[in-house]
Amino acid sequence: MAAPARPWPPPLGAYAEERELFRLLQNMLEELLIHKPDDPIQYMINHLKQNNDDAPRICVLGPPASGKTTVAMWLCKHLDAIRISQETLLFKEILALTREAKMYKERKQKIPNALWANLIQERLSNVDCIKQGWILEGFPENQEQAWMLQSSGIIPRHVVLTYVQTRHRSAAPFTPRILFCGPPGSGKSLQAALIAQKYSVVNICCGQLLKEAVADKTKLGELIKPYIDNGYPVPDNLVMKILAERLNALDCMTNGWVLHGFPRDIEQGEQLQKSHIIPNRVFFFNLPYESIMERLSQRRIDPTTGERYHMTFRPAPAPEIQVRLRQNPRDKEENIEKRVETYYRNVKELEDFYEDAIYVNADQDPHVVFEFIESCIIKPLPCKKLKSL
């Protein structure tokens, strides 16, 4: 019978606990078993030089719109770690395998699990991830991907699971008809673009639609051209004709749409309804006056390149660019004030008209706003009790 293991002498045990030697030995043993290096001694020396045993290694997993991005960004901010997601790997990183993965995306083919694992392994081997740690968002999505990560030596220390508590989602067909209302600068255009990109709905900005009609020299475009050229509001009946024609087009009827810039008052809302254009999701964006001013009054444009800048959030990268920047007259404080005043003069009646509308705090990070909107789009609306006849 083997003799029982002798306990460490108290002084040695206290020394090892104080300096976390037991944890260090455990981490090194784990790394050796995972990577199986040819030269374990040199591998351990390199591991000690990296001094990254305390760096976070976290996976944030969950269903769509469950807040994965919000949680991942919060963790990155508080832990000073690097956020890695499928989006960042494909569009914000320059890696050896990025081009290959993008080719699958462009062909609308599924990116192989092995390629994802190799792409993640390549990114996590960079110095910033080794030193600061990483937050891997939305991956692995299934058991096969998890095995591939493990076989590549990527093993998180923590896994965060997010979830959405909601009613059962119906399998019935659902065509999104989304309406965004909000003051200028509240982010309607950005959120519409994000929703359109992810869900392949048609992004319709009313103002842009009118400009396109003029540029295409359509019959209605010729009628509204004098109003646009002279800076006058286009009559509602002309706007409605152009808008109804676009919203009844095949792509909008098939894929759905997200509309912003119309209606601006109760009369326009009623005209939409009379034309049988009825949104099934309406969002009102709320943004404090000070934030509106900060966002809009500091916007600038480079007349040479057309590039847009912001004096605080995205300043010009060089002095020679800074000196040639110009401000759109619409972004002068007195004009912003008029637009905001017009919006709030009409919005109360519009809110009463769309009684099932959802209200959005737009004074947040755009990713947080997007996840909230997305969760409201994919989950069923609360059931209404039918009034007895």
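Read on for a plain summary of the structure. Remember, predicted model here, so these are calculated numbers, not experimental data.

Describing the pattern of salt bridges
Considering all chains together, one arrives at ten salt bridges under this definition. Linking R324 and D302 is a salt bridge whose minimum nitrogen-to-oxygen distance equals 2.8 Å. Here the residue R324 occupies a position in the loop between α17 (319-322) and α18 (333-353), and D302 occupies one in the loop between β9 (299-301) and β10 (308-310), the gap between them amounting to 22 residues. Since its relative accessible area comes to 27%, R324 is described here as partly exposed. We note a salt bridge from E341 to R345, for which the minimum N-O separation is 4.0 Å. Pair noted here: E341 and R345 are both in helix α18, with a separation of four residues, about one helical turn. Considered together, E341 and R345 belong to a single accessibility category, that of exposed residues.

Here's the deal with unusual backbone geometry
For residues other than glycine, phi is negative in most cases, and the peptide bonds are mostly trans. In this chain, F139 is followed by P140 through a cis amide linkage whose omega measures 5°. Summarising the element assignment, P140 is placed in the loop between β3 (134-137) and α9 (143-151). Cis geometry is found at the peptide bond from F262 to P263, where omega equals 0°. Tracing the sequence through the fold places P263 in the loop between β7 (257-260) and α15 (266-274). Of note in the backbone geometry, H276 takes a positive phi value of approximately 65° without being a glycine. Topologically, H276 is positioned in the loop between α15 and β8 (281-286).

Things to note about the pairing of β8
Extensive coverage of β8 is indicated by the burial of five of its six residues. Alignment of strand β5 (residues 177-181) against β8, held across four bridges, turns out to be parallel. Looking at β8, one finds that C181 is bridged to F284. Inspection of the sheet shows β8 paired to strand β11 (residues 358-361) by four bridges, in the parallel sense. Bridge pairing in β11 links N286 to N361.

Thoughts on the nonpolar core
In this structure, I204 and F284 are the most contacted members of the largest nonpolar core, which totals 32 residues. Secondary-structure elements contributing two or more residues to this core are β5, β6 (202-205), α11 (206-215), α12 (219-229), α13 (236-247), β7, β8 and α18. Examining the composition of this core, we find that seven residues originate from one element, α13, more than from any other. Once you skip the residues sitting within four places of it in the chain, F284 turns out to touch C181, Y343, V347, L350, E351, Y354, A357, I358, Y359 and V360. With 23 residues, the next largest nonpolar core counts V201, I292, M293 and A362 among its residues.

Some points on the packing of helix α4 (residues 68-79) against helix α19 (residues 366-378)
It is at 9 Å that the axes of α4 and α19 come closest, and there the two elements cross at 155°. The orientation of α4 with respect to α19, classified from their angle, is roughly antiparallel. In this structure, α4 meets α19 at a crossing whose hand is left-handed. For the pair α4 and α19, contact is made by K68, T69, T70 and M73 and by H367, V368 and E371, respectively. Classifying every residue of the contact of α4 with α19 gives two nonpolar, three polar and two charged.

Description of helix α7 (residues 113-124)
Taking 1.5 Å per residue, twelve residues should reach 16 Å; α7 reaches 16 Å between its end C-alpha atoms and fits that length. Considering only its buried residues, α7 is in contact with β2 (82-84), α5 (86-91), α6 (98-106), α8 (127-132), β3 and α9.

The rules we used
- Residues numbered from 1 in each chain as written.
- Predicted model: local features only at pLDDT ≥ 70, side-chain atom pairs only at ≥ 80, totals over all residues.
- Heavy atoms only, no water.
- Salt bridge = Lys/Arg side-chain N within 4 Å of Asp/Glu carboxyl O.
- Helix = DSSP H or I, 4+ residues; strand = E, 2+ residues; numbered from the N terminus.
- Buried < 20%, exposed > 50% of the residue type's maximum accessible area, 1.4 Å probe, protein only.
- Pairing = 2+ DSSP bridges.
- Core = buried A, V, L, I, M, F, W, Y, C linked by side-chain atoms within 4.5 Å.
- Contact = heavy atoms within 4.5 Å.
- Axes fitted to C-alpha atoms, helices over the stretch in contact; angles between N-to-C directions.
- Parallel < 35°, antiparallel > 145°, perpendicular 65-115°, else oblique.
- Left-handed = near helix turned anticlockwise from the far one by under 90°.
- Nonpolar A, V, L, I, M, F, W, Y, C, P; charged D, E, K, R; others polar.
- Expected span 1.5 Å × (residues − 1).

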